[in-house]
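# Topology and contacts: notes
Given next are the chains, with one letter for each unit.
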Amino acid sequence: YSTAWCGYCEKARRYFQDNDIKFTEYDIEKSSNARAMYDKLRGTGIPLIMVGKRRMDGFSVESFERFYRQHDLYRKCTIAKAGVHAQAATPLNAL
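This text gives an overview of the structure that appears in the document.

The rules behind the values
- Residues numbered from 1 in each chain as written.
- Predicted model: local features only at pLDDT ≥ 70, side-chain atom pairs only at ≥ 80, totals over all residues.
- Heavy atoms only, no water.
- Polar contact = N/O pair within 3.5 Å; in protein donor to acceptor, adjacent residues only side chain to side chain.
- Helix = DSSP H or I, 4+ residues; strand = E, 2+ residues; numbered from the N terminus.
- Salt bridge = Lys/Arg side-chain N within 4 Å of Asp/Glu carboxyl O.
- Buried < 20%, exposed > 50% of the residue type's maximum accessible area, 1.4 Å probe, protein only.
- Pairing = 2+ DSSP bridges.

## Section: helix α2 (residues 32–40)
Between the side-chain oxygen at the start of α2 and the backbone nitrogen of Asn 33 there is a gap of 3.3 Å, and the oxygen is on Ser 31. Phi for Arg 42, located one or two positions after α2, is positive at around 60°.

## Thoughts on the pattern of salt bridges
Taken as a whole and assessed by the stated rule, the structure comprises five salt bridges. Of the charged contacts in the structure, one is a salt bridge between Glu 10 and Arg 14, with a shortest N-O distance of 3.7 Å. You can see Glu 10 and its partner Arg 14 sitting in helix α1 (residues 7–18), four residues apart, about one turn around the helix. A salt bridge links Asp 57 to Arg 55; the nearest nitrogen and oxygen atoms lie 3.0 Å apart. Residue class for Asp 57 comes out partly exposed when judged on its relative accessible area of 48%. A relative accessible area of 31% means that Arg 55 is categorised as partly exposed.

## A closer look at the pairing of strand β2 (residues 54–57)
In this sheet, β2 lies alongside strand β1 (residues 48–51) in antiparallel orientation, the contact comprising four bridges. By the bridge assignment for β2, Leu 48 is matched with Asp 57. A loop of two residues connects β1 with β2, the two strands running antiparallel in sequence, and Gly 52 in this loop sits at a positive phi of about 65°.

## Here we look at unusual backbone geometry
In most cases, non-glycine residues show a negative phi, while peptide bonds are predominantly trans. Geometrically, the link from Ile 46 to Pro 47 is a cis peptide bond, its omega value of -5° lying close to zero. Mapping Pro 47 onto the fold places it in the loop between α2 and β1. For Asp 20, which is not glycine, the phi dihedral falls at a positive 55°. Its location among the elements puts Asp 20 in the loop between α1 and α2. Under the relative-accessibility criterion, Asp 20 is labelled exposed at 69%. The residue Arg 42 is not glycine, and still its phi comes out positive at about 60°.

## As for the side chain of Thr 3
Mapped onto the secondary structure, Thr 3 falls in the segment before α1. There is a polar contact of 3.4 Å between the side chain of Thr 3 and the side chain of Trp 5. For Thr 3, the side chain forms a polar contact with the main-chain nitrogen of Cys 6, separated by 3.4 Å.

Below, the structure written as structure tokens:
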């Protein structure tokens, strides 16, 4: 989940694009549905990244790669940058 003005959301978006990680972005300021999902997740900051049912708050390359390895996530990727949801094809699960 993301917002347009969030610098860390932009870094996450760029990382996913540069690494061919397909994702869906949910902007919590532009979509009431995205905001509702973010609130349901009890989001308190952005980006909020979901990989499958696993959650990562914030973004740095090192933290994401560690998170990814720790949870052995190799199918989809879901990212939340106060509105960003990333979904990657094989090998990721959710971004």
